[in-house]
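Reading the structure
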Amino acid sequence: MKTINETVDVVIAGGGTAGHIAAIQAGRLGVKTSVIEAGTMLGGTMTAGGVYMPNHFFNTKGAVVQGIPWELYAKSKQIEGLPVPDHRKRRPMETPGYYSYINVPIYAALAEEEALKADVVLHYHEFIAEIQAVGDWWEIISFGRGVKRVTKAKEIIDCSGDSDAVRILGLKVLKSKVSQPGTLQYKIEGIEHEQIWKEEVQKIYEEAMESGILQKGDWAYPNLEPFQYYLAHGGHNATHIYDADTSDADGQTRANIEGKERMLRIFKFVRESIPGCERATLKMMAPYALARETYHTLGEYMIEGEDFLKATDFEDKVCNAFNYIDMHSQETGCEVQFLESEDLLPKVPFRALIPKDSRRITVAGRNVSASRVAFAGIRAQCTCMAMGQAMGAAAALAVQRGVASREIDSRDIVAVTVEHGAVPV
Ligand SMILES: Cc1cc2nc3c(=O)[nH]c(=O)nc-3n(C[C@H](O)[C@H](O)[C@H](O)COP(=O)(O)OP(=O)(O)OC[C@H]3O[C@@H](n4cnc5c(N)ncnc54)[C@H](O)[C@@H]3O)c2cc1C
């Protein structure tokens, strides 16, 4: 194995939903930035994970997240040859938000192109394994096939989704006893929807549940929708894996295996038992199962459910966090709670992105310091990306001013992100 030494200003731990935006923002501000990404592409859950639905760029009142995330989204639509959808026309379901969809290959390639244009150094297939402080620098050790990399950096942004860098450093994290179930993304095509008879389908599904052909969780939302919904969406995002904890390789392996077992079981049931599904085929499967929730970082502030639901106007807010509470559980399936008024626009405070008692490290995305309820709203992709842009700006400002990121005034962070297209908060 060869050892490679590298020196940068900012290391992004994980180039996923939050990480790719953090990297582009820091790179565009002229600080030397590298991404260490365990997977094969930028975007994480929203690309490789197969959750290609970033919520919410808009609410009914207007734009809530723009900046680099919206720029990439709009550019990807242009490459697809599709118009950027009009946010005033909503999906016909009860939601005050706005759903968007990305084309995964186009978006992942575009994100990479923009990162490289911003002089970001990309290291795929590498895991961060060790981190230590050496004077005013971090020394980050990552391993890939045949490579041990020792990176010196001034700032780290932990965008790993599971607070990996924070945990490696022994900083405080939070983990609920019961976390939201995970999902393996796949898509069934070839269903002849005109042959589907809603009432009959529901009866066949209920009988299969009773006889044990199907298991609880194979269809995740029986409390919200009839089984026809599963067919209408080709099974996408519609299966639960209970206790999915992808924060280490063993947990990831277990979740991957259970996800595929569930997928095969329900696919066989659909094809063999439901009239109109005889020609159904499994067309897409994400390479790995996803957890909705593992280790959150304990930050200098923990966002509470009330903060989210009442949209606390934090003095150190850095971005919007518009969403509904989207709570998945083994007991009920999925429960959704909308904000009381469409005028409410929740925020993320800078302190929730600074690990408690730390210096020169911030977090973005799923790692955010939030209670279980608040987290069920904040974890949406547009908010994760907006946090990434804010922390990319914070790290760059810190390097330029020769201070630690936690010393940067949140208003300066917002001013920089607004210069780069973000919505003022
Ligand atoms: C099943 C499911 C459905 C969802 N549905 C929606 C939806 O419809 N709309 C929506 O807006 N949101 C949805 N969400 C929420 C949203 O997708 C996630 O909360 C968000 O994408 C998390 O972003 P992140 O940047 O924190 O993590 P990720 O996007 O998962 O990125 C983390 C990255 O870090 C890398 N990594 C981890 N550890 C290391 C390490 N040690 N070294 C190097 N790299 C590492 C990973 O490979 C990954 O690429 C859903 C989530 C799930 C799981």
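Here we summarise the structure given alongside this text. Remember, it's a predicted structure, so these values are computed and weren't measured experimentally.

Considering the site of the ligand
Close to the ligand lie 34 residues, the nearest being Thr-17, Glu-37, Thr-45, Arg-366 and Arg-379. In this structure, a nitrogen atom belonging to the ligand sits 2.8 Å away from a side-chain N or O atom of Asp-164. Relative to its free-state accessible area of 1000 Å², the ligand is covered by the protein chains to the extent of 93%. If you list the elements that add at least two residues to the shell around the ligand, you get helix H1 (17-28), strand S7 (127-134) and helix H10 (381-401). For the shell around the ligand, the per-class residue count stands at 13 nonpolar, 15 polar and six charged.

Some words on helix H5 (residues 198-211)
A rise of 1.5 Å per residue sets the reference length of H5, with its 14 residues, at 20 Å; its end C-alpha atoms lie 20 Å apart and thus fit the reference within 8%. Along H5, the residues that are buried comprise Val-201, Ile-204, Tyr-205 and Ala-208. One side of H5 holds all its buried residues, which, seen down the axis, span an arc of 100°. Exposed and oriented more than 90 degrees from the buried face of H5 are Glu-199, Lys-203 and Glu-210. Looking at the buried positions of H5, the neighbouring elements they touch are helix H6 (228-232) and helix H7 (249-273). With its phi angle positive at about 90°, Gly-212 sits one or two positions after the end of H5.

Digging into the pattern of salt bridges
Applying the stated rule across the entire model yields 27 salt bridges. Here Arg-262 makes a salt bridge to Asp-218, at a shortest N to O gap of 2.9 Å. Pair noted here: Arg-262 is in helix H7 and Asp-218 is in the loop between H5 and H6, with a separation of 44 residues, a long-range link. What makes Arg-262 buried here is its relative accessible area of 5%.

Some thoughts on the environment of Met-41
Here Met-41 shows up in the loop between strand S3 (33-36) and strand S4 (58-59). Note on Met-41: relative accessible area 23%, which makes it partly exposed. Note: C-alpha distance between Met-41 and Ala-108 (67 residues apart in sequence) is 6.4 Å. Leave out the neighbours within four places in its chain, and Met-41 touches Gly-15, Thr-47, Ala-48, Ala-108 and Tyr-124.

Things to note about the side chain of Thr-362
Inspection of the secondary structure assignment puts Thr-362 in strand S19 (residues 361-363). On the basis of relative accessible area, Thr-362 is assigned to the buried category, the value being 1%. Excluding anything up to four places from it in sequence, Thr-362 contacts Ile-156, Ile-157, Asp-158, Phe-350, Leu-353, Pro-355, Met-391 and Ser-405.

Things to note about the sheet that holds strand S1 (residues 2-7)
The four strands lie next to each other as S1-S9-S8-S7, forming an open sheet whose pairing is mixed. This sheet does not close on itself; its edge strands, each paired only once, are S1 and S7. Averaged over all pairs of adjacent strands, the angle between strand axes in this sheet comes to 20°, irrespective of strand direction. One ladder, built from seven bridges, connects S7 with strand S8 (residues 137-144); its direction is antiparallel. For Ile-131, the partnering residue across the bridge sits in S8 and is Ile-140.

Let's talk about the packing of aromatic side chains
Tallied over the entire structure, the rule returns 14 aromatic pairs. Note on Tyr-205 and Phe-227: the rings are 4.7 Å apart at their centroids and 5° apart in plane angle, and the pair reads as stacked. Taken as a pair, Tyr-205 in helix H5 and Phe-227 in the loop between H5 and H6 lie far apart in primary sequence, 22 residues in all. Phe-227 matches Tyr-205 in its accessibility class, with the two residues each being buried. Ring geometry for Phe-227 against Tyr-230: centres 5.1 Å apart, planes inclined by 10°, an arrangement best described as stacked. For the residue pair Phe-227 and Tyr-230, the accessibility class agrees, reading buried in each case. An aromatic cluster of at least three residues, connected via ring pairs, comprises Tyr-205, Trp-219, Tyr-221, Phe-227, Tyr-229, Tyr-230 and Phe-269. Lying over the aromatic face of Tyr-295, Lys-175 brings its terminal NZ or CZ to 5.3 Å of the ring centre. Sitting above the plane of the Trp-138 ring, Arg-360 keeps its charged end 4.9 Å from the centroid.

Analysis parameters
Residues numbered from 1 in each chain as written. Predicted model: local features only at pLDDT ≥ 70, side-chain atom pairs only at ≥ 80, totals over all residues. Heavy atoms only, no water. Near = heavy atom within 4 Å. Polar contact = N/O pair within 3.5 Å; in protein donor to acceptor, adjacent residues only side chain to side chain. Areas by Shrake-Rupley, 256 points an atom, 1.4 Å probe, with all protein chains shown as cover. Helix = DSSP H or I, 4+ residues; strand = E, 2+ residues; numbered from the N terminus. Nonpolar A, V, L, I, M, F, W, Y, C, P; charged D, E, K, R; others polar. Expected span 1.5 Å × (residues − 1). Buried < 20%, exposed > 50% of the residue type's maximum accessible area, 1.4 Å probe, protein only. Arc of directions from axis to C-beta. Contact = heavy atoms within 4.5 Å. Salt bridge = Lys/Arg side-chain N within 4 Å of Asp/Glu carboxyl O. Pairing = 2+ DSSP bridges. Axes fitted to C-alpha atoms, helices over the stretch in contact; angles between N-to-C directions. Phe/Tyr/Trp six-rings, centres within 6.5 Å; stacked < 30°, edge-to-face > 60°. Lys NZ or Arg CZ within 6 Å of the ring centre and 35° of its normal.

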